[in-house]
2 protein chains.
Amino acid sequence: MSYTTNATIHTMGGTLLKLSHPSASTTTNMALSIFLPPQSSSSKVPLLIYLSGLTCSPDNCTDKGFLHRWASSHGLAVAYPDTSPRGLNLPGESDSWDFGVAASFYINATAEPFKGKYSMEDYVTKDLPDFLAREFGGKIDVANKSICGHSMGGHGALTLYLKNPGMYKSVSAWAPISNPTQCPWGQNAFKGYFGGDEEGWKKHDATELVKGWKGDLKCLVDVGTGDNFYKQGQLLPENLEAAAKETGLSGLTMRYQDGYDHSYYFISTFGEDHVKHAAKHLLSGPSL
Amino acid sequence: MSYTTNATIHTMGGTLLKLSHPSASTTTNMALSIFLPPQSSSSKVPLLIYLSGLTCSPDNCTDKGFLHRWASSHGLAVAYPDTSPRGLNLPGESDSWDFGVAASFYINATAEPFKGKYSMEDYVTKDLPDFLAREFGGKIDVANKSICGHSMGGHGALTLYLKNPGMYKSVSAWAPISNPTQCPWGQNAFKGYFGGDEEGWKKHDATELVKGWKGDLKCLVDVGTGDNFYKQGQLLPENLEAAAKETGLSGLTMRYQDGYDHSYYFISTFGEDHVKHAAKHLLSGPSL
């Protein structure tokens, strides 16, 4: 067995597994939680990958996101990767809450000392699906997958979707960092992970990437108008919306939710819609 | 204003308030969370009181119970009292996790040093509804209420319901301590709060109290068969079931849920049914 099972929990008619497994991309063991819906005991089910935000581990959303209720209804597996490698003890990786540990930004770092270790883009797009296909291939149809995420994880979901046409059937995000090259969180992270080539940063910015997209976006975004990080200009969803509009793209549903904040109370409230959005694109069937 | 608002959170179409307010019964400020469903902005809504288990504060269930999704659908307010007074600094109240702070057992203690302070039965049945009627009477129809709870809070819900016919329209419990005079948790707590009169303890034991009930029980109970506390004999739901049966009572739905544990993953899975159970008895309307 190439992984360790730390917990097996019955919930919402299915099973939540809290695992860890080795990753070549990060050179570490990676925490990973997987929800298997009841349908997976009789047939392969599609996959929804959820990318968490700054400071989170897989536990935050498995405990407080309430996605399993809807994943169980629609018959989707959900995978919760961690937000960075852990335990590397690299210089500077634990000095602040918005950079380093639990703050990978889901890119492949090119600057030292993060290069070759903070390779979370490779982890999510290669190691994770390879692992799931190898160990859970009898239950999960890993080729049929969508991606979603919150805040930094919303940035991750949007950019990995836009960088890899065809890899995911749809994307959604709660309160995503939508234009990281233009906000303090993103600028700080990209400088640390990539160095000072600001032009190069654009390859990792959803608002820049969307300009190269062809076809329907299949993208749902919710942002709370009471979200302090939105108010502070860390999220900038209007920039993504404007770029998609200027590019003439259809399929971006951008919703501003009155008074909602940045918390899991916000995520759980709209989780039903996000899982349904993924299911619509993952499942061939009537009336979704 | 006779209370302090610590947080106002938009969730599930309604509003979650995290408050504290003074209680005469406990002589302390009591933490209290209240979910107001969207319906409460136009008419008074019924009330469901949720009593939490050992070690919990109101935050555990507001964060992880997912009752608001269903309370919002049915139009119920939910009140989350704390599990004990806090900050009294009584001798022995913080020495163990299953006695004293966060472990009141929802009784009125008669033994020193808890007498006159650990009066959580009075708090829940008097101070709490009085406070809600006074401060939220325009939104909540406090006379129309049900009660539910988890573990120690399941014991609290069952006993307060059975001690006060007519006070609550229905009751439900997840993994309740169903026969506390016969389990270590209950014996330890009752000895500390009441002293050694074991015969007197029976007035606070659901399995004893149910023998005096008249009419339909209107009671839903879920217990997970993978719950370690159930396996260890702390819950004893079979004793409650047998006592209700011997008394010839109808209206006890006792469900054993295969493989489920004692956690909020269990609570949230069956929360939909528990809120629906309360709504059925609180709302006059079709097809609930």
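Calculation notes
- Residues numbered from 1 in each chain as written.
- Chains lettered and ligands numbered in written order.
- Predicted model: local features only at pLDDT ≥ 70, side-chain atom pairs only at ≥ 80, totals over all residues.
- Heavy atoms only, no water.
- UniProt positions renumbered as here; feature names shortened; annotations may be inferred.
- Helix = DSSP H or I, 4+ residues; strand = E, 2+ residues; numbered from the N terminus.
- Buried < 20%, exposed > 50% of the residue type's maximum accessible area, 1.4 Å probe, protein only.
- Contact = heavy atoms within 4.5 Å.
- Polar contact = N/O pair within 3.5 Å; in protein donor to acceptor, adjacent residues only side chain to side chain.
- Buried area = accessible area lost by both parts, 1.4 Å probe.
- Salt bridge = Lys/Arg side-chain N within 4 Å of Asp/Glu carboxyl O.
- Nonpolar A, V, L, I, M, F, W, Y, C, P; charged D, E, K, R; others polar.
- Arc of directions from axis to C-beta.
- Lys, Arg positive; Asp, Glu negative; His and termini not counted.
- Phe/Tyr/Trp six-rings, centres within 6.5 Å; stacked < 30°, edge-to-face > 60°.
- Least-squares fit on C-alpha atoms with pLDDT ≥ 70 in both.
- Pairing = 2+ DSSP bridges.
- Axes fitted to C-alpha atoms, helices over the stretch in contact; angles between N-to-C directions.

Looking at an unreviewed UniProt entry, one finds chain A named S-formylglutathione hydrolase and attributed to Zalerion maritima. Comment text from UniProt for chain A, heading Subcellular location (unreviewed entry), reads "Cytoplasm".

> Help me understand unusual backbone geometry in this model?
A negative phi angle characterises most non-glycine residues, just as the trans form characterises most peptide bonds. All names here are of chain A. A cis amide bond links Glu 112 with the next residue in sequence, Pro 113, at an omega value of 0°. Along the polypeptide, Pro 113 turns up in the loop between strand 5 (77–81) and helix 3 (120–136). Of note in the backbone geometry, Thr 27 takes a positive phi value of approximately 65° without being a glycine. Position of Thr 27 relative to the elements: it lies in the loop between strand 2 (14–22) and strand 3 (29–36). Classification of Thr 27 as partly exposed rests on a relative accessible area of 48%.

> What am I meant to see in the UniProt feature "active site" (unreviewed entry) in chain A here?
All names here are of chain A. Those residues carrying the UniProt feature "active site" (unreviewed entry) are Ser 151, Asp 227 and His 262 in this numbering. In terms of the greatest pairwise C-alpha distance, the residues named above, spread along 112 residues, form a tight cluster of at most 10.9 Å across. Considering the arrangement of structural elements, one finds Asp 227 in the loop between strand 8 (219–224) and helix 8 (228–231). Those residues in contact with Asp 227, other than ones at most four positions away along the chain, are Ala 175, Leu 235, Tyr 260, Asp 261 and His 262. Position of His 262 relative to the elements: it lies in the loop between strand 9 (252–257) and helix 10 (264–282). The residues touching His 262, leaving out its near neighbours within four places in the chain, are His 150, Ser 151, Ala 175, Asp 227, Phe 229 and Leu 235. Separated by 2.8 Å, the side chains of His 262 and Ser 151 make a polar contact.

> Before we go on, may I ask you to explain the interface of chain B and chain A in this structure?
Many authors give the size of an interface as the accessible area that is lost as the parts come together. In this complex, chain B contributes 21 residues to the contact, which on the side of chain A involves 22 residues. Regarding the contact of chain B and chain A, the summed buried area is about 1900 Å², with carbon and sulfur atoms giving 56% of it. Looking only at chain B, the three residues that lose the most surface to chain A are His 10, Phe 66 and Tyr 265 of chain B, adding up to 36% of its buried area. Between the two partners, chain B and chain A, sit two salt bridges. Across the salt bridge formed by Arg 69 of chain A and Glu 272 of chain B, the nearest N and O atoms sit 2.9 Å from each other. The tally of links between chain B and chain A comes to 16 residue pairs in polar contact (both at pLDDT 80 or more). The set of elements that each furnish at least two residues to the side of chain B that touches chain A consists of strand 1 (4–11), strand 2 (14–22), helix 1 (58–64), helix 2 (68–74) and helix 10 (264–282) of chain B. Broken down by element, the residue count for the side of chain B that touches chain A peaks at four residues, all from helix 10 of chain B. For the side of chain B that touches chain A, the per-class residue count stands at seven nonpolar, seven polar and seven charged.

> Just checking my understanding: could you explain helix 5 (residues 184–194) of chain A for this structure?
Along an α-helix, residues three or four apart share an orientation, since each turn contains 3.6 residues. All names here are of chain A. All buried positions along helix 5 are accounted for by Trp 185, Gly 186, Ala 189, Phe 190, Tyr 193 and Phe 194. Down the axis of helix 5, the buried set is contained in an arc of 110°. They therefore lie on one face. On the buried face of helix 5, the contacting elements are helix 4 (152–163), helix 6 (198–201) and helix 8. Among the residues trailing helix 5, Gly 195 stands out with phi positive, at a value near 85°.

> Would you take a moment to explain the side chain of Lys 145 of chain B for this structure?
Residue and element names in this part refer to chain B. Mapped onto the secondary structure, Lys 145 falls in strand 6 (residues 140–150). For the buried Lys 145, no salt bridge is present, and the opposite-charge side chain at shortest range is Asp 130, 8.2 Å distant. Among the polar contacts listed, one links the side chain of Lys 145 to the backbone oxygen of Val 142, at a separation of 3.2 Å. Those residues in contact with Lys 145 that sit more than four places away from it in its chain are Leu 47, Ile 49, Pro 129, Met 167, Tyr 168, Lys 169 and Leu 282.

> So what exactly am I meant to see when it comes to the packing of aromatic side chains here?
All names here are of chain A. Under the definition given, this model contains 44 aromatic pairs over all chains. Here Tyr 118 and Tyr 193 contribute two aromatic rings whose centre-to-centre distance is 5.6 Å and whose plane-to-plane angle is 25°, an arrangement assigned as stacked. Taken together, the residues Tyr 118 in the loop between strand 5 and helix 3 and Tyr 193 in helix 5 connect sequence positions 75 residues apart. On the accessibility criterion, Tyr 193 (0% relative accessible area) is buried.

> Honestly, helix 9 (residues 237–246) of chain A in this entry has me stumped. Any pointers?
Residues and elements named next belong to chain A. Looking at helix 9, one finds that the buried residues are Pro 237, Leu 240, Ala 243 and Ala 244. Buried residues of helix 9, viewed axially, fall in a sector of 125°; they line one side. In helix 9, the exposed positions that point more than 90 degrees away from the buried face belong to Lys 245 and Glu 246. Where helix 9 is buried, its residues contact helix 4, helix 7 (206–209), strand 8, helix 8 and strand 9.

> Mind showing me how you'd approach the relation of the copies chain B and chain A here?
Turning one copy of the chain about an axis and sliding it along that axis gives the other copy, so a rotation and a shift relate them. Least-squares fitting of chain B to chain A yields an RMSD of 0.0 Å, with the transformation described by 0.0 Å of translation along the axis and a rotation of 180°. Here the two chains are linked by the operation of a two-fold rotation axis. The position closest to the rotation axis in chain B is occupied by the C-alpha of Lys 64 of chain B, lying 2.6 Å away.

> It is not clear to me how the sheet that holds strand 8 (residues 219–224) of chain B should be interpreted in this structure. Could you clarify?
Two strands in a sheet stick together by hydrogen bonds in their backbones, pointing the same way (parallel) or opposite ways (antiparallel). Read from one edge to the other, the open sheet built from nine strands follows the order 1-2-3-5-4-6-7-8-9 (chain B), with strand pairing classed as mixed. Looking along the sheet, the strands with just one partner apiece sit at the ends: strand 1 and strand 9 (252–257) of chain B. Strand-to-strand twist across the sheet, computed as the mean angle between neighbouring axes with direction ignored, equals 20°. Note that strand 4 (residues 45–51) of chain B and strand 5 (residues 77–81) of chain B share three bridges and pair parallel. Bridge assignment links Ile 49 of chain B to a residue of strand 5 of chain B, and that residue is Ala 79 of chain B. Contacts from helix 10 of chain A reach strand 1 and strand 2 of chain B within the one sheet, and its direction differs from that of strand 1 of chain B by about 30°. Where helix 9 (residues 237–246) of chain B meets the sheet, its contacts fall on strand 8 and strand 9 of chain B, and the angle it forms with strand 9 of chain B comes to roughly 150°.

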